[in-house]
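# A look at the structure
These are the residues of each chain, in order.
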Amino acid sequence: MKTENQTFGAEFVLLGLFQYGQMNTVLFVVITVIFSVALMGNIILIHLMRLDTLLHTPMYFLLSQLSFIDMVYISTTVPKMATKFLSNSKTITFSGCEIQTFLFLTLDGTEALLLGFMSYDRYVAICHPLHYPVLMSKTICLSMVTCAWASSSINALIHTLYVFQLPFCRSRIVNHFFCEVPSLLPLVCQDTSQYEYTVLFSGLIILLLPFIAILASYARVLIPVYKMSSGKGQTKAISTCSSHLIVASLFYGTTLSTYTRPHSLHYPEEDKVVVVFYSIITPLLNPFIYSVRNKEVMGAMRRVLGKWIFVQK
């Protein structure tokens, strides 16, 4: 007998981020502003790196990928969440939920791996500057990006196909503001403890290993940085590395909390707050951390604006 969850006509009900009706208009405005700022910030950063030839380096190529991921990342969940604040409809179709889960897992994994590759780039640039053109060639950069996207897409596809063939109970109320694997597992009408080990294993490989690599890279970076005789070079290196560490700590800390805890230790209200950090706050902060705290990006912005003003005259 075919179960109801296996039909594409079935729907899930997303309870949303908050459940306070009287604040819906205010929340809609706040979320819309955050979404707009994050989207415009990442678009500006991408175009800046495309227009300024001094930013055509491996570091900024990887950063442009990160900005693209953040654009799609926040666009996957926020628009639908924002519309729900003004609409009585909280449903999402079975196929829509499946697509959202796949996209989010893909972007989540790709960003995790990409941040790890960015730390390797900084390690090579600071510790092995003479070998940098060879160790971070265009071919190697493209291979890194391809590896990140491909491995994350395969991992996401496997988890999505498995979760959505499980028998869901009649209650299809998801206590979350978008479809995510941890929030869907409580709706499954069978024991998922064995599968949770698979989720834990994937989380350790895709999230924990890159984070450990980042910490190890910057531990090695700090040694030659503090030996630098040039105070200007020391300041530049520390500024670049600290920006990356801020983003990495926020992203990995919250995603590891979501994907490496067993189902019994998940609390919906707490989970939603944690998810906000890596699904909304991180894409919002990334363009500002990598621009305001980066003299090369700020210099590029002044050059591009200067050229634009000159053309206008």
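Residues numbered from 1 in each chain as written. Predicted model: local features only at pLDDT ≥ 70, side-chain atom pairs only at ≥ 80, totals over all residues. Heavy atoms only, no water.

## Quick word on the overall build of the protein
Within the protein, the regular secondary structure consists of 10 helices and three strands. If you list the helices and strands of the protein from N to C, you get β-α-α-β-α-α-α-β-α-α-α-α-α. When each of the 313 residues of the protein is scored for burial, the buried share is 46%. In the protein, 80% of the contacts between residues at least 6 apart in sequence involve partners at least 24 apart. As presented, the protein carries roughly 15600 Å² of accessible surface, and 70% of it is formed by carbon and sulfur atoms. (Helix = DSSP H or I, 4+ residues; strand = E, 2+ residues; numbered from the N terminus. Buried < 20%, exposed > 50% of the residue type's maximum accessible area, 1.4 Å probe, protein only. Contact = heavy atoms within 4.5 Å. Areas by Shrake-Rupley, 256 points an atom, 1.4 Å probe, with all protein chains shown as cover.)

## As for the state of the cysteines
As enumerated under the stated definition, the model contains two disulfides in all. Between the sulfur atoms of Cys 97 and its disulfide mate Cys 179 the distance is 1.9 Å. Its S-S torsion of approximately -120° makes the covalent link between Cys 97 and Cys 179 left-handed. Placement of the pair is Cys 97 in helix 3 (residues 94-127) and Cys 179 in the loop between strand 3 (173-174) and helix 6 (181-184), with a sequence separation of 82 residues. The buried category is assigned to Cys 97, whose relative accessible area is 0%. You can call Cys 179 buried: its relative accessible area is 0%. (Disulfide = S-S within 2.5 Å.)

## Focus: the packing of helix 2 (residues 58-86) against helix 3
With their axes 10 Å apart at the nearest point, helix 2 and helix 3 run at an angle of 160° to one another. It follows that helix 2 is roughly antiparallel to helix 3 by the angle criterion. In this structure, helix 2 meets helix 3 at a crossing whose hand is left-handed. The residue inventory of the contact of helix 2 with helix 3, partitioned by class, reads 15 nonpolar, five polar and five charged. (Axes fitted to C-alpha atoms, helices over the stretch in contact; angles between N-to-C directions. Parallel < 35°, antiparallel > 145°, perpendicular 65-115°, else oblique. Left-handed = near helix turned anticlockwise from the far one by under 90°. Nonpolar A, V, L, I, M, F, W, Y, C, P; charged D, E, K, R; others polar.)

## What about the UniProt feature "transmembrane region" (unreviewed entry) in the protein?
When the UniProt feature table is mapped onto this chain numbering, "transmembrane region" (unreviewed entry) sits at residues 26-48, 60-79, 140-164, 200-223, 235-253 and 273-292. Each end of residues 140-164 is marked by a C-alpha atom, and these two atoms are 36 Å apart; helix forms 96% of the span and strand 0%. (UniProt positions renumbered as here; feature names shortened; annotations may be inferred.)

## Quick look at the sheet that holds strand 1 (residues 11-14)
With mixed pairing, three strands are arranged side by side in an open sheet as 2-1-3. Edge positions in the sheet fall to strand 2 (91-93) and strand 3, since each of these pairs with one other strand and no more. As judged from the three bridges shared by strand 1 and strand 2, these two strands associate in the antiparallel manner. If you follow Glu 11 over to strand 2, its bridge partner there is Thr 93. In the packing of helix 3 onto the sheet, contacts are made with strand 1 and strand 2, and the angle to strand 2 comes to roughly 85°. (Pairing = 2+ DSSP bridges.)

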